[in-house]
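Each chain, letter by letter, is given below.
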Amino acid sequence: MKIPITKPFFDEEEKLAVNETIESGWIVQGPKVEEFERLFAEFVGAKFAIATSSCTTALHLGLEAMGIGRGDKVIVPSFTYVASANAVEYTGAEVVFCDINLRTFNIDETKIEELISKDSSIKAIMPVNLFGLCANLPYITKLAKKYNLKVIEDSACGFDAWIGNKHSGTFGDCGCFSFHPRKSITTGEGGMLVTDNEYIAEKVYQLRNHGASVSDFRRHKLNSGVLLPDFPLRGYNYRMTDLQAAIGICQMRKKEYIMKKRREVAKKYDEALKEIPQLIAPYTPENYKHGYQSYVCIFTDGEDISNLTKEKIDRISAKRNIFMAKLAERGIATRQGTHAVHTLSYYKNKYNLKDEDFLMSYAADRLSIALPLYVGMTDEEFDYIITSIKEALS
């Protein structure tokens, strides 16, 4: 069998929607983007949703709209996709890395206050809701309020992730989502910023559109499209097209089905992995709802990982890599969860960091493994994955 790490769920609806958009003659940011934004805002429970070209650009716009810039610092978990830290660097601000809780893969909230108390240049916190599980956002937002800091949620993986009845991305000043093909719903590439803050929303609307005072579509609707508008801000071309949004609208219409099927696969993994002590299944705290953008385990090789050292991590990691290679030989795609950003050359060199400076992030980088997860996975495919895992470990 050939089993991918994931694949998007499309049917005839997306094909028809794209064709309809092409035939309409309006394929850039326009009516489809507005509809997609409305549907997304309604689902997550935000006043404003602004579509962008990616989650990375949404993060960049959110940081700029909140006034983050040169001379400022932003706390970012060290275990996340590099885009989280890159967005901070785009503004001229600096990254302050924070280690994670290995059990949740999210920022270790108990370490944040110590960082804040040591550095008055810290102006914002960027919790990442990794793999579909919210960080401890109630605590983080309370801490941010205490120190008058901004909170921008990197919720790239956080679609349909909840704490109680509150959706990820809606706890902080703003939240940003990704629609990359590995995400639960996709537009190919694309992102969304959500906020309840009207000032942030209006600034992001302008910044994504070159800094224009009014968008092309708005001018067209007002029948004033002959002359160009004023550009009061230095902006960017971070717009989503109507072609992408047409796909996004279809994805939103079938979101309940998509998420139901993804959670069914995750539940089957939960049960199957109870018999496989070498892998620790994802953890979900009480009152949290996991979105399962990825199903990421910790590979332990059956060892106790309560007292990790770099040497022990490296030793187990070598076995993880062999295990992943064996699955690849059987046609099963896997990935490490994501990377420890402080170990990547740019950040390691710029901030003079060592691998062991953020040990749990390093462990997550070296020991995590994402198993295949997608809508439409058959029982035969699932059984083949589990059988192959057992054979590769035996």
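Residues numbered from 1 in each chain as written. Predicted model: local features only at pLDDT ≥ 70, side-chain atom pairs only at ≥ 80, totals over all residues. Heavy atoms only, no water.

Give me helix H2 (residues 31–44): which residues, what numbers.
The end-to-end C-alpha distance of H2 is 20 Å, a good match for the 20 Å that 14 residues give at a rise of 1.5 Å each. Turning to H2, its buried residues number three or more, namely Lys32, Val33, Phe36, Glu37, Leu39, Phe40, Ala41, Phe43 and Val44. Of the residues flanking the end of H2, it is Gly45, one or two places downstream, whose phi is positive at about 85°. (Helix = DSSP H or I, 4+ residues; strand = E, 2+ residues; numbered from the N terminus. Expected span 1.5 Å × (residues − 1). Buried < 20%, exposed > 50% of the residue type's maximum accessible area, 1.4 Å probe, protein only.)

Describe the pairing of strand S3 (residues 94–98), naming the residues involved and giving the relevant values.
If a strand is regular, its side chains alternate between the two faces of the sheet. Counting buried positions along S3 gives 4 out of 5 residues, so the element sits mostly inside the fold. Summarising the sheet, strand S2 (residues 73–77) and S3 pair through 5 bridges and their orientation is parallel. Bridge assignment links Val74 to a residue of S3, and that residue is Val95. (Pairing = 2+ DSSP bridges.)

Explain the pairing of strand S8 (residues 174–178) residue by residue, including any values.
Burial runs high along S8: 5 of the 5 residues are buried. The alternating pattern of S8 places Cys174, Cys176 and Ser178 and Gly175 and Phe177 on opposite faces, both of which are buried. The sheet contact formed by strand S5 (residues 150–154) and S8 spans 3 bridges and is parallel. Residue Glu153 lies in a different strand from S8, and its bridge partner there is Gly175. Of the strand pairs in this sheet, S8 and strand S9 (residues 191–195) are connected by 4 bridges, and their pairing is antiparallel. Note that in S9 the partner of Ser178 across the bridge is Gly191.

Now, about the packing of aromatic side chains: what can you tell me, with residues and values included?
Inspection of every chain in the model, using the stated rule, returns 21 aromatic pairs. Relative to Phe323, the ring of Phe299 lies with its centre 5.4 Å away and its plane at 25°, an arrangement referred to as stacked. Taken as a pair, Phe299 in strand S12 (residues 295–299) and Phe323 in helix H11 (residues 310–329) lie far apart in primary sequence, 24 residues in all. The pair formed by Phe299 and Phe323 is uniform in burial state, with each residue classed as buried. Through pairs of rings, three or more aromatic residues link up here, namely Phe36, Phe40, Phe43, Phe159, Trp162, Phe177 and Phe179. Residue placement shows Arg103 over the ring face of Tyr283; its charged tip is 3.6 Å from the ring centre. Sitting above the plane of the Phe171 ring, Lys166 keeps its charged end 5.4 Å from the centroid. (Phe/Tyr/Trp six-rings, centres within 6.5 Å; stacked < 30°, edge-to-face > 60°. Lys NZ or Arg CZ within 6 Å of the ring centre and 35° of its normal.)

Quick one: what's the story with the side chain of Ser78, residue by residue and with numbers?
By the element assignment, Ser78 lies in the loop between S2 and helix H4 (82–90). Judged by relative accessible area, which is 0%, Ser78 ranks as buried. Sequence-distant contacts of Ser78, defined by excluding residues within four places in its chain, comprise Phe97, Cys98, His339, Ala340, Val341, His342, Phe358 and Ser361. (Contact = heavy atoms within 4.5 Å.)

Summarise the environment of Lys289; cite the residues concerned and give the values.
Looking at where Lys289 falls in the secondary structure, it is placed in strand S11 (residues 288–289). Relative accessible area serves as the criterion here: at 38%, Lys289 is assigned to the partly exposed category. Separated by 129 residues in sequence, Lys289 and Asp160 have C-alpha atoms that sit 7.9 Å apart. If sequence neighbours within four positions are ignored, Lys289 has contacts with Gly132, Asp160, Ala161, Trp162 and Arg263.

I'd love a proper account of the sheet that holds S11, names of residues and values included.
Read from one edge to the other, the open sheet built from 3 strands follows the order S7-S6-S11, with strand pairing classed as antiparallel. Strands at the two margins of the open sheet, each flanked by one partner only, are strand S7 (166–167) and S11. Across 2 bridges, the pairing between strand S6 (residues 162–163) and S7 is antiparallel. If you follow Trp162 over to S7, its bridge partner there is His167.

Describe unusual backbone geometry, and please don't skip the residues or the numbers.
Residues other than glycine seldom take positive phi values, yet Phe105 does so here, at roughly 70°. Relative to the helices and strands, Phe105 is located in the loop between S3 and helix H5 (112–118). The backbone of Phe131 sits at a positive phi, close to 65°, despite the residue not being glycine. With respect to the element layout, Phe131 can be found in the loop between strand S4 (122–125) and helix H6 (137–146). In this structure Phe131 comes out as buried when scored by relative accessible area, which is 5%.

Break down the pattern of salt bridges for me, citing the residues and quoting the values.
Inspection of every chain in the model, using the stated rule, returns 27 salt bridges. Linking Lys15 and Glu12 is a salt bridge whose minimum nitrogen-to-oxygen distance equals 3.4 Å. With Lys15 and Glu12 both in helix H1 (residues 12–24) and 3 residues apart, this pair spans about one turn of that helix. For Lys268, the salt bridge goes to Asp379, with nearest N and O atoms at 2.8 Å. Of this pair, Lys268 sits in helix H10 (residues 255–272) while Asp379 sits in helix H14 (residues 379–393); the two residues are 111 residues apart in sequence, bridging distant segments of the chain. For Lys268, a relative accessible area of 31% gives the class partly exposed. The class for Asp379 is exposed, based on a relative accessible area of 53%. (Salt bridge = Lys/Arg side-chain N within 4 Å of Asp/Glu carboxyl O.)

Which residues make up the packing of helix H3 (residues 55–65) against helix H7 (residues 198–207), and what values do they have?
Orientation of H3 relative to H7, taken along the N-to-C sense of each, is 125°, at an axis distance of 9 Å. In terms of axis orientation, H3 runs oblique to H7. In this structure, H3 meets H7 at a crossing whose hand is right-handed. Contact residues: Leu61, Gly62, Glu64 and Ala65 in H3; Tyr199, Ile200, Lys203, Val204 and Leu207 in H7. Looking at the contact of H3 with H7 residue by residue, the class counts come to 6 nonpolar, 1 polar and 2 charged. (Axes fitted to C-alpha atoms, helices over the stretch in contact; angles between N-to-C directions. Parallel < 35°, antiparallel > 145°, perpendicular 65-115°, else oblique. Left-handed = near helix turned anticlockwise from the far one by under 90°. Nonpolar A, V, L, I, M, F, W, Y, C, P; charged D, E, K, R; others polar.)

Read these as spatial facts, not as claims about activity.
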